[in-house]
Amino acid sequence: MTSPVSAAERRRPLVVAIDGPAASGKSSTAKWVARVLGFRHVDSGALYRAATAATLRAAPGDTGWTEDAVLAAAAAVTLVPGETSFHAHLDGVDAEEELRGGAVTSRVSLVARMPRVRDWVNAMVRRAAEGSPVVVDGRDMGTAVFPHARVKVFLVADSWERAKRRLVQRLERVPTDAEIADEVDALVQRDAKDEAQTRQAADAVLIDTTYLTQEEQVERIVAIARAAMR
Ligand code: CDP
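Summary of the structure given here. Given the structure is predicted, the values throughout are model-derived calculations rather than measurements. Residue positions are given per chain, counting from 1 as you read along its sequence in written order. Only residues with pLDDT of at least 70 get local features here, since the model is predicted, and only at 80 or more are side-chain atom pairs given and counted; chain-wide, interface and lining totals rely on the full set of residues. Side-chain numbers come from the whole structure's heavy atoms, not from hydrogens or water.

Let us look at the overall build of the protein chain. Secondary structure counts use DSSP, requiring at least four H or I residues in a row for a helix and at least two E residues in a row for a strand, with both numbered from the N terminus. Of the regular secondary structure elements, the protein chain holds 11 helices and eight strands. Over its C-alpha trace the protein chain gives a radius of gyration of 17 Å, about what one expects of a compact globule, namely 17 Å for 230 residues. The buried label goes to any residue with under 20% of its type's maximum accessible area, the exposed label to any with over 50%, and the partly exposed label to all in between, with areas taken from a 1.4 Å probe on protein chains only. Within the span of the protein chain, comprising 230 residues, buried residues form 48% of the whole. In the protein chain, the proportion of contacts linking residues at least 24 apart, taken out of those at least 6 apart, comes to 78%. Using a 1.4 Å probe, the Shrake-Rupley method yields the accessible areas, and only the shown protein chains count as cover for residues. Accessible area for the protein chain stands at about 11,200 Å²; split by element, carbon and sulfur atoms hold 53% of it. The globule rule used for comparison is 2.2 Å times the number of residues to the exponent 0.38, while the radius of gyration itself is calculated over C-alpha atoms. Working rule for contacts: check all heavy atoms of both residues, and any pair within 4.5 Å makes them a contact.

Now the structure itself:
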């Protein structure tokens, strides 16, 4: 898992970093792990999505998406602490449905490639982790953002399984094979666009969740985190 922990490291609030590709179950798992441990969950992807949604609100359409324009629009985004999670708000309001919609999903990788947008997200996430222990999820939490995180996990799953889970979550019914095949294409395309941002830390525990229930995933990560806290 991680290298030996120094005394200074032990005094810092604990960070559990969960990374992985699109729809690998990071956010739902991270939320659940945070609840079990009594930590707060921070979803870095939600901040990239919020910056994208804010840009779409400011300039609907696909022109004018410069880094400066995205950063200016992102001023409307706040990260608000809740009881068990931080929530990305747009203009002071929870806009979860907008953040998860197709218009944002198809543009978010473009925004996530902008270096100053990454700096903006990373600063927000680090600030959230300053005061109390957190479970953070994303693509580069265990590498670029929290290289000294005490617990690092990298989640992977077969693309068919990831597509199926994402559709069950979105449609709230069993998807057809044709729907799953279309979703696999979309996920694989997004993985390719996100490749440069997605990094498995050398000291991360790799968990393949293809044949695990969410409960089993959560139990494994909680066990790793409890061992690191001892
Ligand atoms: O849908 P999924 O759970 O895979 O994605 P997400 O965690 O909501 O992240 C949405 C997008 O934000 C990703 O497709 C990446 O482009 C970007 N992202 C990133 O670049 N780095 C992160 N640490 C988190 C998300």
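There's more to say after this.
Through backbone hydrogen bonds, the strands of a sheet pair up, either in parallel or in antiparallel fashion. Strand order in the open sheet formed by five strands is β2-β6-β1-β7-β8, and the pairing between neighbours is parallel. Because the sheet does not close on itself, it has two edges, and the strands there are β2 (40-43) and β8 (205-208). Put simply, the sheet's adjacent strands are angled 20° from each other on average, direction ignored. Note that strand β1 (residues 15-19) and strand β7 (residues 151-156) share four bridges and pair parallel. Bridge pairing in β7 places Asp19 opposite Phe154. Note on geometry: axes are C-alpha line fits, over the in-contact stretch for helices, and angles between N-to-C directions span 0 to 180 degrees. Along the sheet face, helix α3 (residues 44-58) touches β2 and β6 (134-138) and points at about 45° away from the line of β2. Strands β1, β2 and β6 of the sheet are contacted by helix α7 (residues 115-131), whose axis makes an angle of about 165° with β6. Pairing between two strands requires that DSSP report at least two bridges joining them.

Lining the immediate surroundings of the ligand are 20 residues, of which Arg49, Arg118, Arg166, Arg190 and Asp194 lie closest. N or O atoms within 3.5 Å of each other form a polar contact, as long as, within protein, one can give a hydrogen and the other can take it, and as long as residues adjacent in sequence are counted only when both atoms are side-chain atoms. Ala23 places a main-chain nitrogen or oxygen 3.1 Å from an oxygen atom of the ligand. With the chains in place, 99% of the 520 Å² that the ligand exposes on its own is no longer accessible. Secondary-structure elements contributing two or more residues to the shell around the ligand are α3, α6 (102-112) and α10 (177-194). Ten residues, namely Ala, Val, Leu, Ile, Met, Phe, Trp, Tyr, Cys and Pro, are considered nonpolar, four, namely Asp, Glu, Lys and Arg, are considered charged, and the remaining ones, Gly among them, are considered polar. Of the residues in the shell around the ligand, the class split is six nonpolar, five polar and nine charged. Proximity criterion: a residue is near a molecule or strand once any of its heavy atoms comes within 4 Å of it.

On the basis of which strands lie adjacent, the open sheet formed by three strands has the order β3-β4-β5 and antiparallel pairing. Two strands in the sheet have a free side with no partner beyond their single neighbour: β3 (77-81) and β5 (93-94). As paired elements, β3 and strand β4 (residues 86-90) share five bridges and run antiparallel to each other. Within β4, the position partnered with Pro81 by the bridge is Phe86.

Quick look at the packing of α3 against α7 now. It is at 10 Å that the axes of α3 and α7 come closest, and there the two elements cross at 135°. Classified by the interaxial angle, the pair formed by α3 and α7 is oblique. For α3 against α7, the interelement crossing comes out right-handed. Contacts from Ser44, Leu47, Tyr48 and Ala51 of α3 reach α7 at Val117, Arg118, Trp120, Val121, Asn122, Met124 and Val125. Of the residues contributing to the contact of α3 with α7, the split by class is eight nonpolar, two polar and one charged. Angles below 35 degrees are treated as roughly parallel, those above 145 as roughly antiparallel, those between 65 and 115 as roughly perpendicular, and all remaining angles as oblique. Whether a crossing is left-handed or right-handed is set by the direction in which the near helix is turned from the far one by less than a right angle, anticlockwise for left-handed and clockwise for right-handed.

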